[in-house]
Amino acid sequence: MSIDVERRPELENFPENPFKGEHIISVDQFTPEKIDYLFGVTRKMREIVETIGSTDSLKGKILANLFYEPSTRTSSSFTAAMERLGGSVIPINEVRYSSVAKGENLPDTVRTLACYADIIVLRHPEVDSAKLAAEYSPVPVVNAGDGPGEHPTQALLDLFTIVDKFGRVEGKHIVMVGDLKYGRTVHSLAKLLSIQDRVKITFVSPKDLKMPPEILFRLREKRIDFQEVEELESTISSADVIYLTRVQKERFENQEEYEKVKNKYVVTPETLTLAKKEMILMHPLPRIYELSMAVDKDPRAVYIREQMRNGMYVRMALLAAVLGKV
Ligand code: NCD
């Protein structure tokens, strides 16, 4: 089945699929036009899944899912995405059972997988690991999280969730809460929002876990209206989106420091009594202390029903686009 993407007038600059053959390393690669294109394909993918479940557009294609760090959603949604498109997956979730455990370096592992697979999805604990992998890989590499660096496909699904809910992101107030220093999802999302018009961002974090200066610099350069605060309460009532994150325990050198901040923000049903009726509460998950399970029933909580499922649709769109099948 071929996938017809509805072309909007602003896509005219891209008569061809702009992702074909590209490595996906950072949100810096995206433009509003490319995102529009991808979200058009994403909607199509959702329709396919909801109507017929799967298609065979990537039949015969193989994805290597190379994960050096734990993952539930990212890894399984890439697998589901590939399989719903008719392709198959080499899962390497436990690098300790691969030659990595014998000391093999990343370029060699990636060049090996590129002999067997058409695309490599990589999660690795070091910043810039995906960039390094892409330098060696003859097949496209998709960054599924490079330590505290970036998580571009998560940012795409997050933005898709916001746009899908409100129809647009312009004029919206996005509040990002938690570990903004080590959280790669918020790094990518903040950068992705910097190319949108008229968004307002509030960063809520303990003072030791603030958004990195280079990202704030970027936002200033793009004239994004943002502020940094330590308290969540004062921002809740004006938020259109609250994007909550866990404190990234594994990135702390000193566990005492982690203990001091792990409970700083906890969202409960009571917190949401202060929030707008039509706002949404997002979380990339996993949650640890910061989000009470009692919130899940609130219709504004989209992290399980929408956000997570959108991850599969966006990744289906991206895989099909990168492999040139849209
Ligand atoms: C995030 C990650 O791995 O960065 N999870 C995800 O991909 N959905 C968030 C996190 O681990 O806190």
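Refer to the structure printed above.
Parameters and conventions
- Residues numbered from 1 in each chain as written.
- Predicted model: local features only at pLDDT ≥ 70, side-chain atom pairs only at ≥ 80, totals over all residues.
- Heavy atoms only, no water.
- 1 Å grid on protein atoms, 1.4 Å probe; cavity = no way out; pocket = protein on both sides within 12 Å on 5 of 7 lines; lining within 4 Å.
- Points joined across faces, edges and corners; volume = space filled by probe spheres on them.
- Helix = DSSP H or I, 4+ residues; strand = E, 2+ residues; numbered from the N terminus.
- Buried < 20%, exposed > 50% of the residue type's maximum accessible area, 1.4 Å probe, protein only.
- Axes fitted to C-alpha atoms, helices over the stretch in contact; angles between N-to-C directions.
- Parallel < 35°, antiparallel > 145°, perpendicular 65-115°, else oblique.
- Left-handed = near helix turned anticlockwise from the far one by under 90°.
- Contact = heavy atoms within 4.5 Å.
- Nonpolar A, V, L, I, M, F, W, Y, C, P; charged D, E, K, R; others polar.
- Core = buried A, V, L, I, M, F, W, Y, C linked by side-chain atoms within 4.5 Å.
- Polar contact = N/O pair within 3.5 Å; in protein donor to acceptor, adjacent residues only side chain to side chain.
- Salt bridge = Lys/Arg side-chain N within 4 Å of Asp/Glu carboxyl O.
- Pairing = 2+ DSSP bridges.

1. Regarding empty space enclosed by the protein
Unoccupied space between atoms shows up once a probe the size of one water molecule is rolled over them. The full count for this structure, using the stated rule, is two cavities of 30 Å³ or more. If you add up the space inside the largest cavity, you get close to 90 Å³. What lines the largest cavity is R73, T74, S77, Q154, L157, H283, P284, Y303, Q307, M308, G311 and R315. Only α2 (73–84), α5 (152–166) and α11 (303–322) provide two or more residues apiece to the lining of the largest cavity. Counting residues per element, the lining of the largest cavity draws most heavily on α11, at five residues.

2. Regarding helix α6 (residues 184–193)
The element α6 is largely enclosed, with a buried count of 10 among its 10 residues. Among the residues of α6, those classed as buried are R184, T185, V186, H187, S188, L189, A190, K191, L192 and L193.

3. With respect to the packing of helix α3 (residues 106–116) against helix α4 (residues 129–136)
One way to put it is that α3 packs onto α4 with a least axis distance of 9 Å and a crossing angle of 55 degrees. Classified by the angle between their axes, α3 and α4 sit oblique to one another. Between α3 and α4 the crossing geometry is right-handed. Across from L106, P107, V110 and R111 in α3, the residues of α4 making contact are S129, L132, A133 and Y136. A class-by-class count of the residues in the contact of α3 with α4 yields six nonpolar, one polar and one charged.

4. Points about the nonpolar core
In terms of nonpolar packing, the biggest core is built from 66 residues, with M176 and F203 touching the most fellow members. Looking at this core element by element, the count peaks at 10 residues for α11. With residues near it in sequence (within four places) discarded, F203 still touches M176, L180, A190, M211, L216, L219, F226, Q227, E228 and V229.

5. Re unusual backbone geometry
In the segment running from L285 into P286, the intervening peptide bond is cis, with an omega of 10 degrees. Although it is not a glycine, D128 adopts a positive phi angle of roughly 75 degrees. Turning to its location among the elements, D128 is positioned in the loop between β3 (119–124) and α4. We note that R223 has phi near 60 degrees; this positive angle belongs to a residue other than glycine. Inspection of the secondary structure puts R223 in the loop between α7 (213–221) and β7 (225–229).

6. Some remarks on the side chain of N143
By the element assignment, N143 lies in strand β4 (residues 141–146). For N143, a relative accessible area of 0% gives the class buried. Polar contacts involving the side chain of N143 include one to the main-chain carbonyl oxygen of I25, which spans 3.0 Å.

7. A look at the pattern of salt bridges
Tallied over the full model, the rule gives 17 salt bridges. Close ionic contact of K44 with E47 constitutes a salt bridge, the shortest N to O distance being 3.7 Å. Of the two residues, K44 and E47 are both situated in helix α1 (residues 32–51); the distance of three residues between them amounts to about one turn of the helix. The exposure class assigned to K44 is partly exposed, which follows from its relative accessible area of 22%. Judged by its relative accessible area of 43%, E47 is partly exposed. When salt bridges with common partners are traced through the structure, they connect D28, E150, K191 and R218 into a single cluster.

8. Focus on the sheet that holds β3
Strand order in the open sheet formed by four strands is β2-β1-β3-β4, with parallel pairing between adjacent strands. Unpaired on one side and paired on the other, β2 (88–92) and β4 mark the two borders of the sheet. The mean angle between the axes of side-by-side strands here comes to 15 degrees, regardless of whether they run parallel or antiparallel. The pairing of strand β1 (residues 62–67) with β3 spans five bridges and is classified as parallel. From the neighbouring strand, N65 faces β3, where its bridge partner is V121.

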